[in-house]
Amino acid sequence: MTTSTPDTGLTEHTVTVKGEPIFYAEAGQGPPVVMLHGGGPGASGVSNYSRNIAALAQNFRVIVPDMPGYGRSTKKPDHNDTYRYIADMIRGLLDHLGIDTAHLIGNSLGGAASLRLALDTPHRVSKLVLMGPAGIGSTRGLPTAGTLSLLNYYTGSGPSRDKIATFIRTYLVYDGSSVSDELIDLRYQASIDPEVLANPILKRPSKPQTIWRSDLTRDSGLKHLQTPTLVLWGKDDKVNKPAGGPALLTTMPNVELVMTSQTGHWMQWERAELFNQLVTDFLRPSAAWARP
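Attention in this report is confined to the structure presented alongside it. All values derive from a computational prediction rather than experimental measurement.

In this section: the pattern of salt bridges. Where charged atoms from two side chains of opposite charge approach closely, those side chains can pair. In this structure the tally under the stated criterion is 14 salt bridges. For the salt bridge of Asp120 with Arg116, the shortest nitrogen-to-oxygen distance reads 2.8 Å. Linking Asp120 with Arg116, this pair stays in helix α4 (residues 109-120), spanning 4 residues, or about one helical turn. Given the relative accessible area of 28%, Asp120 is considered partly exposed.

Structure (structure tokens):
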């Protein structure tokens with residue numbers, strides 16, 4: 001199924017991948033760029049990248065899926081290995097679209113899934129952009145307050161508008177007053193979709209092996225992954241620890257790291273102009289970012 005939204009330049013599609021519906025929006029022409037959103041309650045691709053799609057579509061074919069468990073895509077999660085499950089479904093989407101190789105941009109959960117896809121099939125990924133990715137040192141030390149807020153959203157008293165407002169305004173951004181009530185309302189309504197309520201994709205893991213798999217820095221392939229990678233991290237990130245940025249810089253062989261002050265977990269939203277310029281420059285075919 002395909003629809004168009006002329007006011008935004010986006011076309012909307014729902015396709016079947018591995019027997020399940022995957023929704024994606026698309027804009028622009030050029031080298032394909034797939035943008036994977038974060039895993040907070042009520043998240044979706046277009047909402048997470050609302051300040052970036054048009055800018056990137058000036059130079060690239062921008063493909064913005066709702067990841068499995070979110071938005072208008074399938075609500076059947078795999079809790080045994082969430083990152084690999086999402087990576088497999090996004091690879092299936094690329095297969096469906098006839099795309100052999102694409103750039104991947106991933107925020108938080110989407111960053112972990114992008115990295116997992118590159119680790120499993122590096123020949124499918126041209127360049128990586130990771131913003132505060134999940135799964136970096138996640139088994140070391142206690143979870144952050146932001147991570148606990150996310151994982152506890154569907155537990156206890158259950159989801160509420162107050163809980164999601166606290167999560168977004170306190171943990172996702174540096175300046176909570178910059179988030180409108182309209183955005184909170186949209187995220188809350190999406191978070192209480194009956195299919196999501198029945199089995200949310202992100203919840204407290206119950207199996208030790210699941211926790212172990214969530215730490216991608218334990219994958220020995222990370223130090224051999226040659227994919228050019230731009231890591232972006234807000235110094236005030238309260239969801240995924242900013243120490244993950246230097247950790248990736250010292251572990252991966254072909255990484256550039258940019259960390260910004262007064263920026264939380266949503267760098268692509270809070271620092272949109274800077275993000276758009278950095279990503280465009282990095283993904284240009286002529287960009288020489290590889291280390292000597």
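The end-to-end C-alpha distance of α4, which contains 12 residues, comes to 17 Å, matching closely the 16 Å that a straight helix rising 1.5 Å per residue would cover. By the criterion of burial, α4 is predominantly enclosed, with 11 of the 12 residues buried. Leu109, Gly110, Gly111, Ala112, Ala113, Ser114, Leu115, Arg116, Leu117, Ala118 and Leu119 are the residues of α4 that are buried.

Orientation of helix α6 (residues 161-172) relative to helix α7 (residues 181-191), taken along the N-to-C sense of each, is 120°, at an axis distance of 9 Å. The orientation of α6 with respect to α7, classified from their angle, is oblique. The hand of the α6/α7 crossing is right-handed. Mapping the contact onto sequence places Arg161, Ile164, Ala165, Ile168 and Arg169 in α6 and Asp181, Ile184, Asp185, Arg187, Tyr188 and Ser191 in α7. Among the residues making up the contact of α6 with α7, the classes are represented as 5 nonpolar, 1 polar and 5 charged.

For the coordinates displayed, the defined rule picks out 1 cavity of 30 Å³ or more. When its volume is computed, the largest cavity comes out at roughly 60 Å³. Forming the walls of the largest cavity are 13 residues, and the residues nearest its centre are Gly38, Gly39, Gly40, Leu172 and His265. A class-by-class count of the residues in the lining of the largest cavity yields 5 nonpolar, 7 polar and 1 charged.

Calculation rules
- Residues numbered from 1 in each chain as written.
- Predicted model: local features only at pLDDT ≥ 70, side-chain atom pairs only at ≥ 80, totals over all residues.
- Heavy atoms only, no water.
- Salt bridge = Lys/Arg side-chain N within 4 Å of Asp/Glu carboxyl O.
- Helix = DSSP H or I, 4+ residues; strand = E, 2+ residues; numbered from the N terminus.
- Buried < 20%, exposed > 50% of the residue type's maximum accessible area, 1.4 Å probe, protein only.
- Expected span 1.5 Å × (residues − 1).
- Axes fitted to C-alpha atoms, helices over the stretch in contact; angles between N-to-C directions.
- Parallel < 35°, antiparallel > 145°, perpendicular 65-115°, else oblique.
- Left-handed = near helix turned anticlockwise from the far one by under 90°.
- Contact = heavy atoms within 4.5 Å.
- Nonpolar A, V, L, I, M, F, W, Y, C, P; charged D, E, K, R; others polar.
- 1 Å grid on protein atoms, 1.4 Å probe; cavity = no way out; pocket = protein on both sides within 12 Å on 5 of 7 lines; lining within 4 Å.
- Points joined across faces, edges and corners; volume = space filled by probe spheres on them.

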